Amino acid sequence: MSLSSSVIPVVLVALVGSAAVAQSGTPAGRERKARQLTLHAEEPPALHPLHIAAREVTTVTFDAPIAPDSVDRAALAPFFSRVGVYADALVLKAAVDLPEGRGPVITVRFAGEGAPSQVGFVLTTVDAEVDSQVEVFRHGRTAQELGKELADLRARCAVTEAGFATLRAQCALSGLGGAVLTGAVTSDGVAVKHLARPTASLGLRAEGPHVLYRSGDTLALATTLINSDDARPWVPGVARVTPRTLDGGVLPAREHPLLLRERQLQPGTRAPVVVEWYVPPGAPPGTHFTLELLDATGERGVRWEQVTP
């Protein structure tokens, strides 16, 4: 099959026989994989394997815009219960397993000029793994770009690690007794209040009750985050807390770890989340907070304004 860079519209072709593809249960040991794929204009076109499985969601993201009309949703309908096609992503939820040789071939055209002009995938099901998230890079990144990404990642890891160091010390003294010993719970007890819905929801929703706990200068918010059905997986990042004074002043923002049991929120899933932070020493009376729960990119999350302890 040719993947030429001509201007002929790219279509999605289902290469299936007349026999129905039997749906099978997902093996218990199948590993969910996240991987990256970098395309190179100088390399000959090739089909790339995409491992899907019944009832599993596979998200393919692109670093360059794609042409949504190049994907034939009708051709995918027999195999998928959910097909989301966006300017920079595909979200696929398979309805059946696809044995080797019976799966469709998907060719996706990039929007605008340039090479490579398209990318092709051959879909199949294997017992060992399923692709949960695949990032496609149209252009190979330069050493300078990779260096900047690494520097940014190291800086974010340093902030997160500092927060984890505090949490590890606290976890060593777990339970109510440990909370009292560390001073997280004082003799004044724990005050509980409920926050209103978030001021802003950026590609993610938070479902109440949004419970704010306070003991001394320690605060903790508990809520439930919900990723919509047609969204890409949400990878937890940090909670950014910005103190603001009554006179309009802004104190330095601090970042704190998000406490979740899940490594990420797949499309259509939800999970409870807790974030713990502190009133800064010497903060003037009436200080309130802007609280943001963000993903790893810092772009998707929820935000509360005017959070008062």
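In the block above lies the structure referred to throughout.
Residues numbered from 1 in each chain as written. Predicted model: local features only at pLDDT ≥ 70, side-chain atom pairs only at ≥ 80, totals over all residues. Heavy atoms only, no water.

A. Highlighting the nonpolar core. With 26 residues, the main nonpolar core has Phe62 and Phe121 as its most contacted residues. Counting only elements with at least two residues in this core, the list comes to β3 (57-62), β4 (80-85), β5 (89-94), β6 (105-109), β7 (118-124) and β8 (129-137). Discounting chain neighbours no more than four positions away, the residues touching phenylalanine 62 are Asp88, Ala89, Leu90, Val108, Phe110, Val119, Phe121 and Val136. (Core = buried A, V, L, I, M, F, W, Y, C linked by side-chain atoms within 4.5 Å. Buried < 20%, exposed > 50% of the residue type's maximum accessible area, 1.4 Å probe, protein only. Helix = DSSP H or I, 4+ residues; strand = E, 2+ residues; numbered from the N terminus. Contact = heavy atoms within 4.5 Å.)

B. Examining the packing of aromatic side chains more closely. On inspection of all chains with the given rule, the structure shows 2 aromatic pairs. Relative to phenylalanine 110, the ring of phenylalanine 62 lies with its centre 6.1 Å away and its plane at 85 degrees, an arrangement referred to as edge-to-face. Within this pair, whereas phenylalanine 62 is found in strand β3, its partner phenylalanine 110 is found in the loop between β6 and β7, the two being separated by 48 residues in sequence. When sorted by exposure, phenylalanine 62 lands in the same class as phenylalanine 110, which is buried. Note on tryptophan 277 and phenylalanine 289: the rings are 6.0 Å apart at their centroids and 75 degrees apart in plane angle, and the pair reads as edge-to-face. Pair noted here: tryptophan 277 is in strand β15 (residues 270-278) and phenylalanine 289 is in strand β16 (residues 288-295), with a separation of 12 residues, a long-range link. With a relative accessible area of 0%, tryptophan 277 lands in the buried category. (Phe/Tyr/Trp six-rings, centres within 6.5 Å; stacked < 30°, edge-to-face > 60°.)

C. Structural context of the sheet that holds strand β11 (residues 205-215). If you walk across this open sheet you meet the 4 strands as β9-β11-β12-β15, and the pairing is antiparallel. The sheet is open, and its two edges are formed by β9 (191-195) and β15, each paired on a single side. The mean inter-strand angle of the sheet, taken between neighbouring strand axes irrespective of direction, is 20 degrees. Both β11 and strand β12 (residues 218-226) contribute to a ladder of 8 bridges, which runs antiparallel. Across the sheet, the residue bridging to glutamate 207 is threonine 224, located in β12. (Pairing = 2+ DSSP bridges. Axes fitted to C-alpha atoms, helices over the stretch in contact; angles between N-to-C directions.)

D. Local environment of the pattern of salt bridges. Summed over all chains, the structure comprises 10 salt bridges. Ionic pairing is found between aspartate 88 and arginine 232, a salt bridge with its closest N-O pair at 3.1 Å. Within this pair, whereas aspartate 88 is found in the loop between β4 and β5, its partner arginine 232 is found in the loop between β12 and β13 (236-244), the two being separated by 144 residues in sequence. Residue classification places arginine 232 among the partly exposed residues on the basis of a relative accessible area of 31%. For aspartate 217, the salt bridge is made with arginine 214, and the minimal N-O distance between the two is 3.5 Å. Several salt bridges share partner residues, and in doing so they unite Arg240, Glu255 and Glu292 into one network. (Salt bridge = Lys/Arg side-chain N within 4 Å of Asp/Glu carboxyl O.)

E. Representation of the pairing of β12. Most of β12 sits out of view: 9 of its 9 residues are buried. Both faces of β12 are covered, namely the face carrying Thr218, Ala220, Ala222, Thr224 and Ile226 and the face carrying Leu219, Leu221, Thr223 and Leu225. Taking the residues between adjacent antiparallel strands as the criterion, β11 and β12 are bridged by 2 residues, where glycine 216 takes a positive phi near 65 degrees. Note that β12 and β15 share 9 bridges and pair antiparallel. By the bridge assignment for β15, isoleucine 226 is matched with arginine 270.

F. Main features of the sheet that holds β8. Read across the open sheet, the 5 strands follow the order β1-β8-β3-β5-β4; overall the sheet is mixed. Every other strand in the sheet has two partners, leaving β1 (31-38) and β4 as the edge strands with one partner each. Across the sheet, the mean angle from the axis of one strand to that of its neighbour is 10 degrees, orientation sign disregarded. Examined bridge by bridge, β3 and β5 share 5 bridges and lie antiparallel to one another. Residue pairing for β5: valine 57 is matched across the bridge by lysine 93.

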